[in-house]
Amino acid sequence: MEHATSLKRKIGVDTHTHNIPNKELKLLMIELCKKFYKLGWLTGSGGSISIREDDMIYITPSGVQKDQLNVDDIFVLDRNFNILNKPNLALSSCAP
(Lines give C-alpha, C1' and ligand atoms only; values in the text may rest on other atoms or scores of the structure.)
Protein backbone atom coordinates (compact mmCIF):
# COMPACT_ATOMS: atom_id res chain seq x y z
CA MET A 1 0.00 0.00 0.00
CA GLU A 2 1.33 3.41 -0.94
CA HIS A 3 2.02 6.00 1.71
CA ALA A 4 -0.61 8.78 1.71
CA THR A 5 1.95 11.51 0.95
CA SER A 6 3.21 9.57 -2.07
CA LEU A 7 -0.36 9.04 -3.27
CA LYS A 8 -1.19 12.75 -2.91
CA ARG A 9 1.92 13.65 -4.91
CA LYS A 10 1.10 11.10 -7.63
CA ILE A 11 -2.51 12.21 -8.15
CA GLY A 12 -1.73 15.88 -7.60
CA VAL A 13 -4.57 16.81 -5.23
CA ASP A 14 -4.94 17.54 -1.56
CA THR A 15 -7.00 14.63 -0.27
CA HIS A 16 -7.71 16.14 3.17
CA THR A 17 -11.49 16.65 3.28
CA HIS A 18 -12.29 17.98 6.76
CA ASN A 19 -14.76 20.88 6.67
CA ILE A 20 -15.11 20.96 2.87
CA PRO A 21 -18.64 22.01 1.88
CA ASN A 22 -20.81 19.44 0.09
CA LYS A 23 -20.32 20.76 -3.47
CA GLU A 24 -16.55 21.12 -3.14
CA LEU A 25 -16.26 17.58 -1.79
CA LYS A 26 -18.21 16.29 -4.78
CA LEU A 27 -15.93 18.28 -7.09
CA LEU A 28 -12.92 16.68 -5.37
CA MET A 29 -14.42 13.23 -6.01
CA ILE A 30 -14.93 14.09 -9.68
CA GLU A 31 -11.33 15.30 -9.94
CA LEU A 32 -10.09 12.12 -8.26
CA CYS A 33 -12.15 9.96 -10.65
CA LYS A 34 -10.64 11.74 -13.65
CA LYS A 35 -7.11 11.34 -12.29
CA PHE A 36 -7.69 7.70 -11.32
CA TYR A 37 -9.08 7.03 -14.81
CA LYS A 38 -6.00 8.61 -16.45
CA LEU A 39 -3.74 6.51 -14.21
CA GLY A 40 -5.67 3.35 -15.13
CA TRP A 41 -6.90 2.84 -11.58
CA LEU A 42 -10.58 3.06 -12.67
CA THR A 43 -12.13 1.79 -15.85
CA GLY A 44 -14.67 4.00 -17.63
CA SER A 45 -17.78 2.78 -15.84
CA GLY A 46 -16.34 0.17 -13.49
CA GLY A 47 -15.36 0.66 -9.90
CA SER A 48 -16.43 3.31 -7.47
CA ILE A 49 -14.97 5.71 -4.97
CA SER A 50 -16.44 6.94 -1.73
CA ILE A 51 -15.49 9.52 0.85
CA ARG A 52 -16.74 9.71 4.41
CA GLU A 53 -16.84 13.17 5.93
CA ASP A 54 -18.15 13.30 9.48
CA ASP A 55 -21.62 11.67 9.35
CA MET A 56 -21.97 11.76 5.55
CA ILE A 57 -20.87 9.23 2.94
CA TYR A 58 -20.39 10.32 -0.68
CA ILE A 59 -20.41 7.55 -3.31
CA THR A 60 -20.02 7.58 -7.08
CA PRO A 61 -22.78 5.78 -9.01
CA SER A 62 -22.59 2.47 -10.83
CA GLY A 63 -22.53 2.14 -14.61
CA VAL A 64 -21.50 5.74 -15.31
CA GLN A 65 -18.31 6.92 -17.02
CA LYS A 66 -16.29 8.04 -13.99
CA ASP A 67 -14.32 10.56 -16.05
CA GLN A 68 -17.58 12.30 -17.04
CA LEU A 69 -19.33 12.68 -13.66
CA ASN A 70 -20.93 15.90 -12.46
CA VAL A 71 -21.85 17.00 -8.93
CA ASP A 72 -25.47 15.88 -9.31
CA ASP A 73 -24.34 12.28 -9.98
CA ILE A 74 -22.88 11.71 -6.50
CA PHE A 75 -24.96 9.82 -3.93
CA VAL A 76 -24.99 11.14 -0.35
CA LEU A 77 -25.84 8.82 2.54
CA ASP A 78 -26.07 9.53 6.24
CA ARG A 79 -24.36 7.47 8.94
CA ASN A 80 -27.34 5.07 9.01
CA PHE A 81 -26.99 4.55 5.24
CA ASN A 82 -30.18 6.43 4.40
CA ILE A 83 -29.87 7.99 0.95
CA LEU A 84 -30.09 11.78 1.27
CA ASN A 85 -29.24 12.61 -2.35
CA LYS A 86 -30.42 10.05 -4.90
CA PRO A 87 -29.52 10.81 -8.50
CA ASN A 88 -31.50 9.06 -11.20
CA LEU A 89 -28.66 6.50 -11.39
CA ALA A 90 -27.80 3.15 -9.83
CA LEU A 91 -26.11 3.16 -6.43
CA SER A 92 -22.80 1.34 -6.54
CA SER A 93 -22.74 -2.23 -5.28
CA CYS A 94 -19.79 -1.02 -3.18
CA ALA A 95 -22.24 0.96 -1.03
CA PRO A 96 -22.73 -0.26 2.54
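Our subject is the structure listed above.
Note that the structure is a prediction, hence the values are computed from the model and not measured. (Residues numbered from 1 in each chain as written. Predicted model: local features only at pLDDT ≥ 70, side-chain atom pairs only at ≥ 80, totals over all residues. Heavy atoms only, no water.)

Things to note about the overall build of the protein chain
- When helices and strands are tallied, the protein chain shows two helices and six strands.
- In the protein chain, the succession of helices and strands from N to C terminus is α-α-β-β-β-β-β-β. (Helix = DSSP H or I, 4+ residues; strand = E, 2+ residues; numbered from the N terminus.)

What about the pattern of salt bridges?
- Enumeration according to the criterion identifies one salt bridge in this entry.
- Close ionic contact of Asp55 with Arg79 constitutes a salt bridge, the shortest N to O distance being 3.6 Å. With a gap of 24 residues between them, Asp55 in the loop between β1 (50-53) and β2 (56-59) and Arg79 in the loop between β4 (75-78) and β5 (83-85) connect regions that are remote in the sequence.
- For Asp55, a relative accessible area of 38% corresponds to the partly exposed category.
- Residue classification places Arg79 among the exposed positions, given a relative accessible area of 54%. (Salt bridge = Lys/Arg side-chain N within 4 Å of Asp/Glu carboxyl O. Buried < 20%, exposed > 50% of the residue type's maximum accessible area, 1.4 Å probe, protein only.)

Examining the sheet that holds β1
- Spatially, β1-β2-β4-β5 is the arrangement adopted by the four strands of the open sheet, whose pairing is antiparallel. One side of each edge strand has no neighbouring strand; the edge strands of this open sheet are β1 and β5. Within this sheet the neighbouring strands show an average axis-to-axis angle of 30 degrees, counted without direction.
- Of the strand pairs in this sheet, β4 and β5 are connected by two bridges, and their pairing is antiparallel. (Pairing = 2+ DSSP bridges. Axes fitted to C-alpha atoms, helices over the stretch in contact; angles between N-to-C directions.)

Details of the side chain of Ser48
- Mapping Ser48 onto the fold places it in the loop between α2 (22-39) and β1.
- A distance of 2.9 Å separates a polar atom in the side chain of Ser48 from a polar atom in the side chain of Thr60.
- Within the structure, Ser48 has its side chain in polar contact with the side chain of Ser92 (distance 3.5 Å).
- Residues in contact with Ser48, not counting those within four places in the same chain, are Leu42, Ile59, Thr60, Lys66, Ser92 and Cys94. (Polar contact = N/O pair within 3.5 Å; in protein donor to acceptor, adjacent residues only side chain to side chain. Contact = heavy atoms within 4.5 Å.)

Description of the nonpolar core
- Counting 16 residues, the largest nonpolar core has Met29, Leu32, Ile49, Ile51, Tyr58 and Leu69 as its most contacted members.
- Top contributing element to this core by residue count: α2, with seven residues.
- Discounting residues that sit within four places of it in the chain, Met29 has contacts with Ile49, Ser50, Ile51, Tyr58, Ile59, Thr60 and Ile74.
- Counting residues in each nonpolar core, the second largest holds five residues, with Ile57, Phe75, Leu77 and Ala95 among its members. (Core = buried A, V, L, I, M, F, W, Y, C linked by side-chain atoms within 4.5 Å.)

Quick look at unusual backbone geometry
- Located in the positive-phi region is Asp54, a residue other than glycine, with phi close to 55 degrees.
- On the basis of relative accessible area, Asp54 is assigned to the partly exposed category, the value being 48%.
- A positive phi is found at Phe81, a non-glycine position, where the angle reads about 70 degrees.
- With respect to the helices and strands, Phe81 occurs in the loop between β4 and β5.
- Given a relative accessible area of 43%, Phe81 falls into the partly exposed group.

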